[in-house]
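Per-entry structural report
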Amino acid sequence: MSTTPVAGLKVLDLSKVLAGPLCAQYLGDMGADVVKVETGTGDETRGWPPFRSTEAGESPTGTVFLSANRNKRSISLDLRRPEGLAVVHRLADAADVVISSFGPGVAEKLGVDAATLRKRNPRLVYCNISGYGSAGPMRNDKGYDVILQAFCGMLSITGERDGPPVRSPFSPVDQATGLHALIGVLAALLERSRTGDGGLVEVSLFDSATGFLGYFLQGFWERGTEPQRPGSGHESLCPYEAFDTADRPLILGVANDTLWRSFCAVVGLQDVVDDPRFRTNADRVSHRDETVAMVRRVLATRTRDDWLEKLAAAGIPCSPLHSLGELSSHPHTAASGMVVDYTHETLGPLKTVSQPVRFDGERPALRRPPPMLGEHGREVLQEAGYSAAEIDALIASGSVKR
């Protein structure tokens, strides 16, 4: 199987920040020809620190941008000018997919909304990414990852039991929305292969955040009470959290009763295996404080690495609490192929995190590094049928930025 299963697909990426760019990047990883349309100073994540320094005369590039924009070409347009809008229309006429994440009403005002572009190109799959979706009283509100973590109750369940709420810092709502967009786009393309018609795919941060909370909401509806913040633990499993040892912490995942018996044998707690307070997972959850205190006492008697060796030998899920540096340098990370080294013509040697999928054992390749702002404008316009004189005129008018 090819690592470029969607080769030949033309994607117009009108999105910015994380959700839309991530969706477009994954399509690019799988072989799509992705053209990123940027306006003004470009995708705002270009200006988010930390930065990758550049050659003299080039603006520094934000690392968030670098993480979500490989395998794309960039064209910089002024969509307020008729000539700039005409370029987008021509590109959309030849595209299979458009990904958009404009604020409420902006795409319609600019003339790049689904109705406008699909009227011109009925085979187009248009993916719209929004904060709260197209239905409901908050459909016109703007959404950001942390806002939706708060609005949908995610912050009410993160952090330590008696502590303040803690934001999940890797923007899970944004990233999940990008993945849902990818799923929707691929499904719509499959449907188009049967009907010949494209369609509108809608995803939102609200839907993604609510979707994440499925089993939490199921428990809330059943009990009628709010869950406590579990820290690193799990409200349905015990012991299943971080524990201190004699030197450094580890994570322990005793997810069933067979593992519990094995754990007790390793750590010397055989005498409590059949204690009615601890016999089953449900018993241990009901007596969580007692269970956790008992496990804490025994794990504090040896070092982390000593316990990891013993627990792993017994098949008990456990792990050190790695830093990003430790993950980056771990032999498994190297063997997995999830971290890719490459050289950017302007930015020099860089790394990127691969698309987390394999096709017949192979990772999708990095065919293009993240683009500089407007780097491929002339190239994209030539492919769209513009003459050299027309391109020069577009640049001179400011409709296309170099």
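What this report covers is the structure whose coordinates are included nearby.

On to the overall build of the protein chain, then. Of regular secondary structure, the protein chain possesses 17 helices and 14 strands. Looking at the protein chain as a whole, 44% of its 402 residues are labelled buried. Excluding contacts between residues fewer than 6 apart, the proportion of contacts in the protein chain whose partners are at least 24 apart in sequence is 66%. Carbon and sulfur atoms provide 55% of the accessible area of the protein chain, an area that totals close to 20000 Å². When the 43 positive and 49 negative side-chain charges of the protein chain are each reduced to one mean point, those points stand 3 Å apart.

Below, the discussion takes up the packing of helix H10 (residues 257–267) against helix H13 (residues 304–313). Two elements in contact, H10 and H13, have axes whose closest approach is 10 Å; the angle formed by their N-to-C orientations is 135°. By the angle between their axes, H10 is oblique relative to H13. As H10 packs across H13, the resulting crossing turns out to be right-handed. Across the interface between the two elements, Phe263, Val266 and Val267 from H10 touch Trp307, Lys310 and Leu311 from H13. Split by residue class, the contact of H10 with H13 holds five nonpolar, no polar and one charged.

What the three strands build is an open sheet, ordered E9-E10-E11; its pairing is antiparallel. Bordering the open sheet on either side are strand E9 (240–243) and strand E11 (318–320), each of which pairs with just one other strand. Taking each pair of neighbouring strands and ignoring which way they run, the sheet shows an average axis angle of 20°. Looking at chain direction, strand E10 (residues 250–253) and E11 are connected through three bridges and run antiparallel.

Here the focus is empty space enclosed by the protein. Summed over all chains, the structure comprises one cavity of 30 Å³ or more. The space that makes up the largest cavity amounts to roughly 60 Å³. Considering the residues around the largest cavity, the lining is formed by Asp29, Arg70, Asn71, Val340, Thr352, Ser354, Gln355, Pro364, Ala365 and Leu366.

So, on to the sheet that holds strand E6 (residues 97–100). Ordered in space as E8-E7-E6-E1-E2-E5-E14, the seven strands form an open sheet in which the pairing is mixed. Among the strands making up the open sheet, the edge pair consists of strand E8 (199–204) and strand E14 (400–401). With four bridges connecting them, E6 and strand E7 (residues 125–130) associate as parallel partners. What sits directly across from Val97, in E7, is Val125.

Quick look at the side chain of Ser171 now. Tracing the chain through its elements places Ser171 in the loop between helix H6 (145–151) and helix H7 (172–195). What makes Ser171 buried here is its relative accessible area of 14%. Those residues in contact with Ser171 that lie beyond four places of it in its chain are Leu18 and Asp145.

A separate point is helix H17 (residues 388–397). Listed as buried for H17 are Ile391, Leu394 and Ile395. The buried residues of H17 occupy one face: seen down the axis, they fall within an arc of 95°. Facing away from the buried surface of H17 by more than 90 degrees, the exposed residues are Ala389 and Ala396. Buried positions along H17 lie against helix H3 (82–93), helix H16 (377–383) and E14. Of the residues one or two after H17, Gly398 is the one with positive phi, at around 85°.

Trans is the common state for peptide bonds, and a negative phi is the common state for residues other than glycine. Cis peptide bonds are those with omega within 30 degrees of zero, and the linkage from Pro49 to Pro50 qualifies with 0°. Here Pro50 shows up in the loop between strand E2 (33–38) and strand E3 (51–52). Here the amide bond leading from Cys238 into Pro239 is cis, since omega sits at 0°, within 30 degrees of zero. Mapped onto the elements of the fold, Pro239 is located in the loop between helix H9 (214–223) and E9. Here Val17, not a glycine, exhibits a phi torsion of approximately 75°, which is positive. For Val17, the location among the structural elements is in the loop between strand E1 (10–13) and helix H1 (19–29). We note that Asp360 has phi near 50°; this positive angle belongs to a residue other than glycine. Taking the relative accessible area as the measure of exposure, Asp360 reaches 58% and is therefore exposed.

Our next topic: the packing of H1 against H7. Contact pair H1 / H7: the axes reach a minimum separation of 7 Å and the direction vectors enclose 45°. With respect to each other, H1 and H7 are oriented oblique. As H1 runs across H7, the sense of the crossing is right-handed. Contacts between H1 and H7 involve Ala19, Leu22, Cys23, Tyr26 and Leu27 from the first element and Asp174, Gln175, Thr177, Gly178, Leu179, Ala181, Leu182, Val185 and Leu186 from the second.

Thresholds, definitions, all that
Residues numbered from 1 in each chain as written. Predicted model: local features only at pLDDT ≥ 70, side-chain atom pairs only at ≥ 80, totals over all residues. Heavy atoms only, no water. Helix = DSSP H or I, 4+ residues; strand = E, 2+ residues; numbered from the N terminus. Buried < 20%, exposed > 50% of the residue type's maximum accessible area, 1.4 Å probe, protein only. Contact = heavy atoms within 4.5 Å. Areas by Shrake-Rupley, 256 points an atom, 1.4 Å probe, with all protein chains shown as cover. Lys, Arg positive; Asp, Glu negative; His and termini not counted. Charge placed at Lys NZ, Arg CZ, Asp CG, Glu CD. Axes fitted to C-alpha atoms, helices over the stretch in contact; angles between N-to-C directions. Parallel < 35°, antiparallel > 145°, perpendicular 65-115°, else oblique. Left-handed = near helix turned anticlockwise from the far one by under 90°. Nonpolar A, V, L, I, M, F, W, Y, C, P; charged D, E, K, R; others polar. Pairing = 2+ DSSP bridges. 1 Å grid on protein atoms, 1.4 Å probe; cavity = no way out; pocket = protein on both sides within 12 Å on 5 of 7 lines; lining within 4 Å. Points joined across faces, edges and corners; volume = space filled by probe spheres on them. Arc of directions from axis to C-beta.

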